[in-house]
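The lines below spell out each chain.
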Amino acid sequence: MSTPQTVVITGPTASGKTAVALQVAQQLPCEIISADSALIYRGMDIGTAKPTAAEQSQVPHHLIDIIDPTESYSTARFVEDVQRIIQEIHARERHALVVGGTMLYLKAWLEGIDDLPATTPEVRSAVQLQALEHGWPAMHAKLTQVDPITAARLSPNDSQRIGRALEVFQMTGQPLSALHTRARASALPLQPIPMVSLEPVHRSWLHERIALRTETMWNAGFVAEFERLSQWPGIQADSPAMRCVGYRQATETVYSCGNLHTPEAAILWKTLTSAATRQLAKRQLTWLRSMPSRQIVAADDEKALLQATQTVIERLSRA
C-alpha cells in the first residue's frame with residue numbers, strides 16, 4: 001500500500017462521522033481512533049451512540065471503553081494517547097482515522113496547548129462555593145465576562161469545564177482561551193493533518209437526525225443503562241460521565257418526574273436531550289469555524305455522506 005496516512009473525520013454530532021469512517025475502512029486498511037470524550041467510558045453505550053460491537057469488529061477501534069465512569073480523562077492525556085496510537089498504527093502499515101467531535105481534543109492535538117497551572121484546593125473550593133450559592137448558569141455568565149471565547153463553547157451547565165476555566169483565570173489572571181492559543185510546538189503533529197468536516201448546509205437535516213437518534217436511544221434501552229450507571233460504585237451526579245448529554249438530562253428528568261418509567265418522563269427526557277444535543281452541535285460548529293484548514297463536505301443526505309467517504313479515501317491515497 002501507499003505510505004500510511006492520518007486523516008481526521010469530524011463534524012457536529014449525528015452528522016454521520018462513524019458511518020463514513022466504517023465505509024472508508026471497508027476499502028482501505030485503516031484503524032479508527034475515537035476523538036469523543038463520551039466514548040471513553042465503559043458501560044455507557046446507548047446514550048453515547050457508541051459504535052456497536054458488530055461495527056467495532058469490522059475494524060480496530062482505539063480510545064473506546066478505556067476508563068470507568070468514575071474516572072477522569074484529560075485533554076493532555078488524549079494528546080499523548082493519539083500521538084502514540086497513530087505511530088503504532090502506521091508501524092502496522094495501516095492508515096489512521098481520527099474520528100470524533102470533541103473539538104477541544106482535536107484543537108489541542110492539532111494546534112497544541114500550554115501546560116496549564118494546577119489548581120490549589122483553596123481556589124477550587126472558592127469556585128465551588130460560589131457555584132453552590134449562585135448556580136452554574138451564573139458562573140457561566142461570570143466566565144463570559146472574563147473569557148467570552150471559552151464561555152461561548154460551553155453549556156451553562158457544564159460545571160466541570162466552567163469551574164476549570166474560572167480556576168485558571170483566578171490562578172493566572174489570564175483567560176483559558178489565551179493559554180490554549182499559545183501552542184507548544186513540541187505537542188504538534190510533525191506535519192499538517194488533513195481534516196474532513198461533515199457539516200450540514202441545512203440545519204433542519206441535522207435536527208431531524210438528532211431527534212431520530214434520541215428516539216432510537218430510548219427504544220434501545222437507555223433507561224436500563226442509566227439505572228445501571230446510577231448504581232456504579234462511586235458514581236456521583238456531578239461525575240464527568242454523568243454530565244454527558246443524555247445522562248445529565250436523565251438526572252434532571254428523575255428529579256422532575258421521580259423516575260424514567262412514565263410516558264411523561266419519556267417525553268421530558270427526549271425533549272431535554274434533543275435540545276441539549278442541538279446545542280452541542282451548535283457549539284461544535286462554532287469550534288469548527290475556528291479551524292479554517294478543514295475541508296468541508298456537505299452532510300445533508302446519504303449521497304453527501306458517500307461523497308465524504310470518497311473525499312477521505314482520496315486524502316489517504318495521497319502518499
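If you're wondering where the values come from, they're calculated on a predicted model, not measured in any experiment. (Residues numbered from 1 in each chain as written. Predicted model: local features only at pLDDT ≥ 70, side-chain atom pairs only at ≥ 80, totals over all residues. Heavy atoms only, no water.)

K.L.:
What am I meant to see in the overall build of the protein here?
P.N.:
The number of helices and strands found in the protein is 14 helices and six strands. Over its C-alpha atoms the protein spans a radius of gyration of 20 Å, differing by no more than 12% from the 20 Å that the globule rule assigns to 319 residues. With the C-alpha coordinates aligned to their principal axes, the bounding extent of the protein is approximately 60 × 50 × 40 Å. Expressed as a percentage of its 319 residues, the buried residues of the protein come to 47%. Sequence separation of at least 24 residues holds for 77% of the intrachain contacts in the protein that already meet a minimum separation of 6. On the protein, roughly 15100 Å² of surface is accessible, and the fraction owed to carbon and sulfur atoms is 53%. Distance between charge centres in the protein, computed from 30 positive and 31 negative side chains, equals 5 Å. (Helix = DSSP H or I, 4+ residues; strand = E, 2+ residues; numbered from the N terminus. Rg over C-alpha atoms; globule rule 2.2 N^0.38 Å. Buried < 20%, exposed > 50% of the residue type's maximum accessible area, 1.4 Å probe, protein only. Contact = heavy atoms within 4.5 Å. Areas by Shrake-Rupley, 256 points an atom, 1.4 Å probe, with all protein chains shown as cover. Lys, Arg positive; Asp, Glu negative; His and termini not counted. Charge placed at Lys NZ, Arg CZ, Asp CG, Glu CD.)

K.L.:
I would appreciate a short explanation of the sheet that holds strand β5 (residues 195-199) in the present structure.
P.N.:
Strand pairing in a sheet is mediated by backbone hydrogen bonds. Such pairs are either parallel or antiparallel. Ordered in space as β3-β2-β4-β1-β5-β6, the six strands form an open sheet in which the pairing is parallel. Two strands lie at the open edges of the sheet, namely β3 (61-62) and β6 (295-298), each paired on one side alone. Direction of pairing for strand β2 (residues 30-34) relative to β3: parallel, over a ladder of two bridges. Counted as the bridge partner of Ile33 is His62 from β3. With respect to the sheet, helix α14 (residues 302-316) is in contact with β1 (6-10), β2, β4 (95-99), β5 and β6, its orientation differing from that of β6 by roughly 150 degrees. (Pairing = 2+ DSSP bridges. Axes fitted to C-alpha atoms, helices over the stretch in contact; angles between N-to-C directions.)

K.L.:
Sorry, what's going on with the packing of aromatic side chains here?
P.N.:
Remark: the centre distance and the inter-plane angle together describe each pair of aromatic rings, the angle taken between the planes. Per the stated rule, a full pass over the model turns up six aromatic pairs. Consider the rings of Trp218 and Trp269, whose centres lie 5.3 Å apart with planes at 35 degrees: the pair is tilted. One end of the pair, Trp218, is in helix α10 (residues 203-219); the other, Trp269, is in helix α13 (residues 263-289), and 51 residues separate them in sequence. Residues Phe222 and Phe226 carry aromatic rings whose centres are separated by 6.2 Å and whose planes lie at 25 degrees to one another, so their mutual orientation is stacked. Taken together, the residues span about one helical turn, with Phe222 and Phe226 both in helix α11 (residues 222-230) at a distance of four residues. Comparing Phe222 with Phe226 shows no difference in burial state: the two are buried. Within the aromatic cluster, the residues linked to one another by ring pairs are Trp218, Phe222, Phe226, Tyr247 and Trp269. One cation-aromatic arrangement involves Arg153 over Trp287; the distance from NZ or CZ to the ring centre is 4.0 Å. (Phe/Tyr/Trp six-rings, centres within 6.5 Å; stacked < 30°, edge-to-face > 60°. Lys NZ or Arg CZ within 6 Å of the ring centre and 35° of its normal.)

K.L.:
It is not clear to me how the environment of Thr216 should be interpreted in this structure. Could you clarify?
P.N.:
Structurally, Thr216 can be placed in helix α10. Counting along the chain gives 169 residues from Thr216 to Gly47, while the straight-line C-alpha distance between them is 9.7 Å.

K.L.:
Can you walk me through the pattern of salt bridges in this structure?
P.N.:
Pairing is possible between side chains that carry opposite charge, provided their charged atoms lie close to one another. With the rule as written, the count across this model stands at 14 salt bridges. Among the ionic pairs, Glu71 bridges to Arg42, the shortest N-O distance being 4.0 Å. Of the two residues, Glu71 is situated in the loop between β3 and α3 (75-91) and Arg42 in the loop between β2 and α2 (53-58); the sequence distance between them amounts to 29 residues. Put simply, Asp81 and Arg77 hold a salt bridge, and the shortest N to O gap is 3.7 Å. Taken together, the residues Asp81 and Arg77, both in helix α3 and four residues apart, mark about one turn of the helix. A residue is classified by how much of its surface remains accessible, and Asp81, at 11% relative accessible area, is buried. Judged by its relative accessible area of 33%, Arg77 is partly exposed. Three or more residues are tied together by salt bridges with common partners; here these are Arg77, Asp81, Arg84 and Glu88. (Salt bridge = Lys/Arg side-chain N within 4 Å of Asp/Glu carboxyl O.)

K.L.:
Sorry if this is basic, but what is going on with the nonpolar core here?
P.N.:
Burial of nonpolar side chains together is a common tendency in soluble globular proteins. Within the largest apolar cluster, 44 residues are counted, with the highest numbers of intra-cluster contacts made by Ile33, Phe78, Val98, Leu106 and Trp109. Ranked by size, the runner-up nonpolar core spans 26 residues in total, among them Val7, Ile9, Leu22 and Val99. (Core = buried A, V, L, I, M, F, W, Y, C linked by side-chain atoms within 4.5 Å.)

K.L.:
What should I look at first to understand helix α12 (residues 247-257) in this one?
P.N.:
Because an α-helix packs 3.6 residues into every turn, residues spaced three or four apart end up facing the same way. Buried within α12 we find Tyr247, Arg248, Gln249, Ala250 and Thr253. Buried residues in α12 make contact with α11 and α13. Gly258 sits one or two positions beyond α12 and adopts a positive phi of about 95 degrees.

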